[in-house]
Amino acid sequence: MTSVRTVTTMACAAALALTVPHSPAAFSAPAPAAGRPLPTRMADTGGGGQLITARAADLGSTTGTVSWWQRHGSRWHRVGTAPARFGANGLAEGSSREQGTSTTPTGLYDLPFAFGTAGKPAGTRIPYRPVRDSSWWCQDNASSAYNRWVDPLPGDCAAKEAERLADYPVQYSRALVIGFNYHRPVRGRGAGIFLHVNGRGATAGCVSVPARAMARIVSWVKPAARPHMAIGTDSGRTAVTRY
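Scoring rules and cut-offs
Residues numbered from 1 in each chain as written. Predicted model: local features only at pLDDT ≥ 70, side-chain atom pairs only at ≥ 80, totals over all residues. Heavy atoms only, no water. Helix = DSSP H or I, 4+ residues; strand = E, 2+ residues; numbered from the N terminus. Buried < 20%, exposed > 50% of the residue type's maximum accessible area, 1.4 Å probe, protein only. Contact = heavy atoms within 4.5 Å. Areas by Shrake-Rupley, 256 points an atom, 1.4 Å probe, with all protein chains shown as cover. Salt bridge = Lys/Arg side-chain N within 4 Å of Asp/Glu carboxyl O. Polar contact = N/O pair within 3.5 Å; in protein donor to acceptor, adjacent residues only side chain to side chain. Core = buried A, V, L, I, M, F, W, Y, C linked by side-chain atoms within 4.5 Å.

Draft legend 1. The arrangement of the overall build of the chain in detail. When its secondary structure is counted, the chain shows 1 helix and 14 strands. Counting every position in the chain, which comprises 243 residues, the buried fraction comes to 53%. Excluding contacts between residues fewer than 6 apart, the proportion of contacts in the chain whose partners are at least 24 apart in sequence is 66%. Total accessible area computed for the chain in this model is approximately 10200 Å², and 51% of it derives from carbon and sulfur atoms.

Now the structure itself:
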């Protein structure tokens, strides 16, 4: 992996391109949490009624837990939870992360839209873009389309610095765009960070979960509830409760 100064890009799904079978136990039903629910201990949940948390033990972890939460009045309830995978080199503070480091950025982000090579799950309300052979995610720092879905690939985005989404039919069978570095992109910070279906192991910077959990999450997310996703560690300066 070269440094950000040589503008290397790597697919979130590319690190390990095969999937592992999922089982009915891949995610669990809601269960009461010990003490206060995690969202009530966070500095910010995005102000909406839905929140996804992705938590790892520490910055060096490549595995952890994704949970999704619904707010009813002033109380948060856990809807589901699933085992999660993070970047091959763990996690990194989102505000200082560098592209090409295979780290998952910590922080609190919105969820602009969903996409997939498979059809959208029943009940899906978030905008869902079908992946075609001509669908790409531009990661070229020199392009005006940096950190954007493009269809087709524009002339100023080099194919070697972009990700052809159809090349990952398993991982991108269903995915949510995480709003990291999305609304005001900083060149060199990173592009193409998603919540998507598991491959064989750690990602190149995304968060991944089993396929059945991903389908549930996509159908559960409602734009009217202003959903957000918080990524962080159990403790320390990148603790998920600090975001």
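Further notes follow.
Draft legend 2. Examining the pattern of salt bridges more closely. With the rule as written, the count across this model stands at 4 salt bridges. We note a salt bridge from Asp151 to Arg132, for which the minimum N-O separation is 3.1 Å. Here Arg132 lies in the loop between strand 7 (128-130) and strand 8 (136-138) and Asp151 lies in the loop between strand 9 (148-150) and strand 10 (162-164), a separation of 19 residues in the sequence. Residue Asp151 is classed as partly exposed on the basis of its relative accessible area of 26%. Each of Asp133, Arg164 and Asp167 takes part in salt bridges that share partners, so that together they form one network.

Draft legend 3. Representation of the environment of Ser61. Its location among the elements puts Ser61 in the loop between strand 1 (50-56) and strand 2 (63-72). The sequence separation of Ser61 and Asn89 amounts to 28 residues, and the corresponding C-alpha distance is 7.8 Å. Setting aside residues up to four positions removed in sequence, Ser61 forms contacts with Ala56, Phe86, Gly87, Gly90 and Leu91. Of the polar contacts made by the side chain of Ser61, one reaches the side chain of Asp58; its length is 3.1 Å.

Draft legend 4. Structural detail: the nonpolar core. Core analysis: the largest hydrophobic core is formed by 48 residues, its most contacted members being Ile52, Phe115, Leu176 and Leu195. Among the elements that make up this core, the one with the highest residue count is helix 1 (residues 211-220) (5 residues). Each residue touching Ile52, except ones within four places of it in the same chain, is listed here: Val66, Ser67, Trp68, Leu111, Leu176, Leu195, Ile217, Trp220, Val221, His228, Met229 and Ala230. Among the nonpolar cores identified, the runner-up in size contains 7 residues, and Met42, Trp76, Ala230 and Val240 belong to it.

Draft legend 5. Geometry of the environment of Gly232. With respect to the secondary-structure elements, Gly232 resides in strand 14 (residues 228-233). By relative accessible area, which is 0% here, Gly232 ends up buried. Gly232 sits 10 residues away from Arg242 along the chain, and the two C-alpha atoms are 8.5 Å apart. Contact partners of Gly232, with chain neighbours within four places excluded, come to Ala54, Arg55, Ala56, Leu91, Thr106, Thr238, Val240 and Tyr243.

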